[in-house]
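Structural description and commentary
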Protein chains: 2
Amino acid sequence: MIDRKEKILQTALRLFANHGYNGVSTNKIASEAEVSEGLIFRHYKNKQGLLDAILQQAFEKAAILYADIITEQDPKQVLWKSITLPFRGDPKEYDFWRLQFKLKWELEISGKEKMQPMTDKLTWAFTQLGYQEPEKEAQILQHIIESVSGGILKDGMASQEALKDFLLEKYRVN
Amino acid sequence: MIDRKEKILQTALRLFANHGYNGVSTNKIASEAEVSEGLIFRHYKNKQGLLDAILQQAFEKAAILYADIITEQDPKQVLWKSITLPFRGDPKEYDFWRLQFKLKWELEISGKEKMQPMTDKLTWAFTQLGYQEPEKEAQILQHIIESVSGGILKDGMASQEALKDFLLEKYRVN
DNA sequence: GTCTATATTCGGATAGAC
DNA sequence: GTCTATCCGAATATAGAC
């Protein structure tokens, strides 16, 4: 890696994702990234600006992932893709997801609005499949997916793996 | 409130619950509690010790809540009590629950071990009720309860209220 | 673009008086 | 038990040289 600005970003992502925003000093970021501390403030307005840049990237990555589901036309496939989503995560991008969960609670950054299209799509899918209460089914499934994702991030994929097939069966999309 | 030691605890709980452990300084705690900063360190070994005292209380409160479910002998009642748990929370104690969620991610304090008896009890209940895969049903329901609880803490009870009856019906315990 | 040095404020913690 | 004063290191941020 030669681009030091990018290296700062990567390093900060890793550290923020593992120790939270307030838990990581710019000094720590600089030493881990093997750059001077001053350089951070040349490339980013301040510590918050560095976080903003990371979140910007994170939201873009999330949007790509969700787009695949939102554009899906087969309702069963919508459910299948949603349920398997947490299990298909690229370990390389774990830090992005971990950061979302961490900041949701640490700094009350919810990213809830970004989820609305997903909720709508799930509601649509359950409607197509003839469920009685599609909105609530969608809400429940999202709760499950959120919590399963959290479980994977905290305790590893193995801790949740068994649930994947169980859920696919439960929703009859396996 | 006259007991200043207690007032420090209450204030710290409120601030930690809303801004996280690393997001709150002892200076802030002291000024909000209207005591001198030094007094904090008279009553508690250090900042961490203050947090420990709060968590101690929180775990005790949680234990009481869970005990009601764990000692329940009717499997249907176990499910009913578990599902309605997040909706029966005393708003006065929201800070305790909010703190759990915050610290779970900020400091990776999971309190998972404390939940094991709940998992076991739910598994038992599903077994009694003749479910095919009681362990997985228990895991899923706990995921739902966890995420619903989080939703209540973040967006208020109204955001989740509709799910209560829906879940009770889904599990046929209404 | 990058580093070194430095300014400045903040945070946790202690000492000593009352 | 409580407060005031204070220490010291850490954290964010800037200035200036290369």
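Rules of the game
Residues numbered from 1 in each chain as written. Chains lettered and ligands numbered in written order. Predicted model: local features only at pLDDT ≥ 70, side-chain atom pairs only at ≥ 80, totals over all residues. Heavy atoms only, no water. Helix = DSSP H or I, 4+ residues; strand = E, 2+ residues; numbered from the N terminus. Buried < 20%, exposed > 50% of the residue type's maximum accessible area, 1.4 Å probe, protein only. Contact = heavy atoms within 4.5 Å. Areas by Shrake-Rupley, 256 points an atom, 1.4 Å probe, with all protein chains shown as cover. 1 Å grid on protein atoms, 1.4 Å probe; cavity = no way out; pocket = protein on both sides within 12 Å on 5 of 7 lines; lining within 4 Å. Points joined across faces, edges and corners; volume = space filled by probe spheres on them. Nonpolar A, V, L, I, M, F, W, Y, C, P; charged D, E, K, R; others polar. Near = heavy atom within 4 Å. Polar contact = N/O pair within 3.5 Å; in protein donor to acceptor, adjacent residues only side chain to side chain. Expected span 1.5 Å × (residues − 1). Buried area = accessible area lost by both parts, 1.4 Å probe. Salt bridge = Lys/Arg side-chain N within 4 Å of Asp/Glu carboxyl O. Core = buried A, V, L, I, M, F, W, Y, C linked by side-chain atoms within 4.5 Å.

Each helix and strand counted, chain A has 9 helices and 0 strands in total. Over its C-alpha atoms, taken along the principal directions, chain A stretches across nearly 60 × 30 × 30 Å. Across the 174 residues that make up chain A, the buried fraction comes to 47%. Of the contacts formed within chain A by residues at least 6 apart in sequence, a portion of 70% connects residues at least 24 apart. Total accessible area computed for chain A in this model is approximately 8700 Å², and 49% of it derives from carbon and sulfur atoms.

As a further point, take empty space enclosed by the protein. Residue and element names in this part refer to chain A. In the structure shown here, the tally under the stated rule is 2 cavities of 30 Å³ or more. Space inside the largest cavity adds up to approximately 40 Å³. Every residue along the wall of the largest cavity is listed here: Leu 55, Phe 59, Gln 100, Leu 103, Lys 104, Ile 109, Ser 110 and Gly 111. Of all the secondary-structure elements, those providing two or more residues to the lining of the largest cavity are α4 (47–70) and α6 (94–106). Of all the elements, α6 adds the most residues to the lining of the largest cavity, at 3 residues. The class makeup of the residues in the lining of the largest cavity is 4 nonpolar, 3 polar and 1 charged. Within this model, the second largest cavity holds a volume of roughly 30 Å³.

For DNA strand C, the set of nearby residues contains 15 residues, the closest of which are Arg4(A), Ser36(A), Thr26(B), Arg42(B) and Lys47(B). Atoms of DNA strand C within 4 Å of the protein belong to the sugar or the phosphate in 62% of instances, the rest to bases. Between DNA strand C and the protein, one listed contact pairs a base oxygen with a side-chain N or O atom of Arg42(B) at 3.0 Å. Within the side chain of Lys47(B), a nitrogen or oxygen atom sits 2.7 Å from a phosphate oxygen of DNA strand C. Residue assignment for the surface near DNA strand C shows that the elements contributing at least two residues are α3 (37–43) of chain A together with α3 (37–43) of chain B. Of the residues belonging to the surface near DNA strand C, the class tally is 4 nonpolar, 6 polar and 5 charged.

Glancing now at helix α1 (residues 4–19) of chain A. All names here are of chain A. With 16 residues, α1 should reach 22 Å at 1.5 Å per residue; the first-to-last C-alpha distance of 22 Å fits that figure. Those residues of α1 that sit buried are Ile 8, Leu 9, Thr 11, Ala 12, Leu 13, Leu 15, Phe 16 and Ala 17. Its side-chain oxygen at 3.0 Å from the backbone nitrogen of Lys 5, Asp 3 defines the N-terminal cap of α1. A positive phi of about 85° marks Gly 20, the residue just after α1.

We now examine the interface of chain A and chain B. On the side of chain B, 33 residues touch chain A, which itself brings 33 residues to the contact. Of the roughly 3000 Å² buried between chain A and chain B, counting both surfaces, carbon and sulfur atoms make up 65%. Viewed at the interface, chain B and chain A are joined by 6 salt bridges. Between Glu108(A) and Lys102(B) there is a salt bridge whose closest N-O contact spans 2.7 Å. In this assembly, chain A and chain B are joined by 12 residue pairs in polar contact (both at pLDDT 80 or more). Of all the secondary-structure elements, those providing two or more residues to the side of chain A that touches chain B are α1, α6, α8 (134–155) and α9 (158–170) of chain A.

In this section: the nonpolar core. Counting 84 residues, the largest nonpolar core has Tyr171(A), Phe16(B), Ile29(B) and Tyr171(B) as the members making the most contacts within it. The residues touching Tyr171(A), leaving out its near neighbours within four places in the chain, are Leu79(A), Ile83(A), Phe126(A), Tyr131(A), Glu137(A), Ile140(A), Leu141(A) and Ile144(A). Listed in part, the 23 residues of the second largest apolar core include Ala33(A), Val35(A), Ile40(A) and Ala58(A).

Let us now look at the protein's contact with DNA strand D. Taken together, 15 residues lie near DNA strand D, and Thr26(A), Glu37(A), Lys47(A), Arg4(B) and Ser36(B) sit nearest. Across the atoms of DNA strand D situated within 4 Å of the protein, the share located in sugar and phosphate is 62%. Between Thr26(A) and DNA strand D, the recorded distance is 2.6 Å, taken from a backbone N or O atom to a phosphate oxygen. At a separation of 3.0 Å, a phosphate oxygen of DNA strand D approaches a polar backbone atom of Ser36(B). Among the secondary structure elements, those contributing two or more residues to the surface near DNA strand D are α3 of chain A together with α3 of chain B.

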